[in-house]
Amino acid sequence: EDRLEVFKRYLPGALQRLYPGQGLWISPEDIVDMDSSTPSKFSRHLIVKLCGGGAAFADNIHMGAFVNRLATLIAEDARGGGSPGLEKLY
């Protein structure tokens, strides 16, 4: 299982833990990988399609706060061994 598949499997449950009761339901099929990397530059973006459409974040500052919370959760779970494969994300 590659890193993207590990992340796709992990993200739906992580969202439920980060935002309980918010109705954030996604499946791995809702995550689109956009890889524009070149031999000299890494550039990869994951687009998450929300049920019902709309924007998930008011601006890039809110999005950055989410990414920081998610990265912390991934690191904690990888150290705890609760989700197989998370060590591949580091």
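Draft legend 1. Quick look at the overall build of the chain. Each helix and strand counted, the chain has two helices and two strands in total. Along its sequence from the N terminus, the chain presents helices and strands in the succession α-β-β-α. With respect to the three principal axes, the spread of C-alpha positions in the chain is 35 × 30 × 25 Å. Residue burial in the chain is summarised as follows: out of 90 residues, 26% are buried. Across the chain, the fraction of contacts at a sequence separation of at least 24, relative to all contacts at a separation of at least 6, is 45%. For the chain, the computed accessible surface area is about 6,200 Å², with 58% contributed by carbon and sulfur atoms.

Draft legend 2. Region of the structure containing the layout of surface pockets. Computed from the structure, the largest pocket encloses a volume of approximately 950 Å³. What lines the largest pocket is a set of 27 residues, and nearest its centre among them are Phe-7, His-45, Leu-46, Val-67 and Leu-70. Contributions of two or more residues to the lining of the largest pocket are made by helix H1 (3-18), strand S2 (44-48) and helix H2 (60-80). Tallying contributions element by element places H2 first for the lining of the largest pocket, with six residues. Here the lining of the largest pocket is composed, by residue class, of 23 nonpolar, one polar and three charged.

Draft legend 3. Layout of the packing of aromatic side chains. This structure, assessed with the given rule, holds one aromatic pair. Measuring from centroid to centroid gives 6.2 Å for Tyr-19 and Phe-66, while their planes differ by 25°, and the two rings are stacked. Of this pair, Tyr-19 sits in the loop between H1 and strand S1 (31-35) while Phe-66 sits in helix H2, and the two are 47 residues apart along the sequence. Its relative accessible area of 24% is what places Tyr-19 among the partly exposed residues. Using a relative accessible area of 12% as the deciding quantity, one classes Phe-66 as buried.

Draft legend 4. Up close: the packing of H1 against H2. Look at H1 against H2: their axes get within 11 Å of each other, and the N-to-C directions meet at 110°. By the criterion of interaxial angle, the relationship of H1 to H2 is roughly perpendicular. Every pair of crossing elements has a handedness; the one defined by H1 and H2 is right-handed. Contact residues: H1 offers Phe-7, Tyr-10, Leu-11, Ala-14, Leu-15, Arg-17 and Leu-18, while H2 offers Phe-66, Arg-69, Leu-70, Leu-73, Ile-74 and Asp-77. When grouped by side-chain class, the residues that make up the contact of H1 with H2 number 10 nonpolar, no polar and three charged.

The rules behind the values
For every chain, the first residue of the written sequence is number 1, and numbering continues from 1 onward in sequence order. Reporting of local features is limited, given that this is a predicted model, to residues whose pLDDT is at least 70; pairs of side-chain atoms are given and counted only at 80 or more, and all residues count toward the totals for whole chains, interfaces and linings. By convention in this description, side-chain values take in all heavy atoms of the structure and omit both hydrogens and water. A run of H or I in DSSP becomes a helix once it reaches four residues, and a run of E becomes a strand once it reaches two; helices and strands are each numbered from the N terminus. Only protein chains enter the accessibility calculation, which uses a 1.4 Å probe. A residue is then buried if its area is under 20% of the maximum for its type, exposed if over 50%, and partly exposed in between. What makes two residues a contact is simply this: any of their non-hydrogen atoms within 4.5 Å. A 1.4 Å probe and the Shrake-Rupley method give the accessible areas. Residues count as covered only by the protein chains that appear here. The rule is simple: put a 1 Å grid over the protein atoms alone, call a set of points where a 1.4 Å probe fits but cannot get out a cavity, call an open set with protein on both sides within 12 Å along at least five of seven lines a pocket, and count a residue as lining if it has an atom within 4 Å of a point. Grid points are joined across faces, edges and corners, and a volume is the space filled by probe spheres set on the points. Residues are grouped as follows: Ala, Val, Leu, Ile, Met, Phe, Trp, Tyr, Cys and Pro are nonpolar; Asp, Glu, Lys and Arg are charged; all remaining types, including Gly, are polar. Any two of the Phe, Tyr and Trp rings considered here, Trp counted by its six-membered ring, make a pair once their centres fall within 6.5 Å; the pair's planes then place it as stacked at under 30 degrees, edge-to-face at over 60, or tilted in between. Interaxial angles span 0 to 180 degrees and are taken between N-to-C directions of axes, which are lines fitted to C-alpha atoms, for helices over the stretch in contact. Small angles under 35 degrees read as roughly parallel and large ones over 145 as roughly antiparallel, with 65 to 115 read as roughly perpendicular and the rest as oblique. In this scheme, a crossing is called left-handed if the near helix is turned counterclockwise away from the far one by less than a right angle; it is called right-handed if the turn is clockwise.

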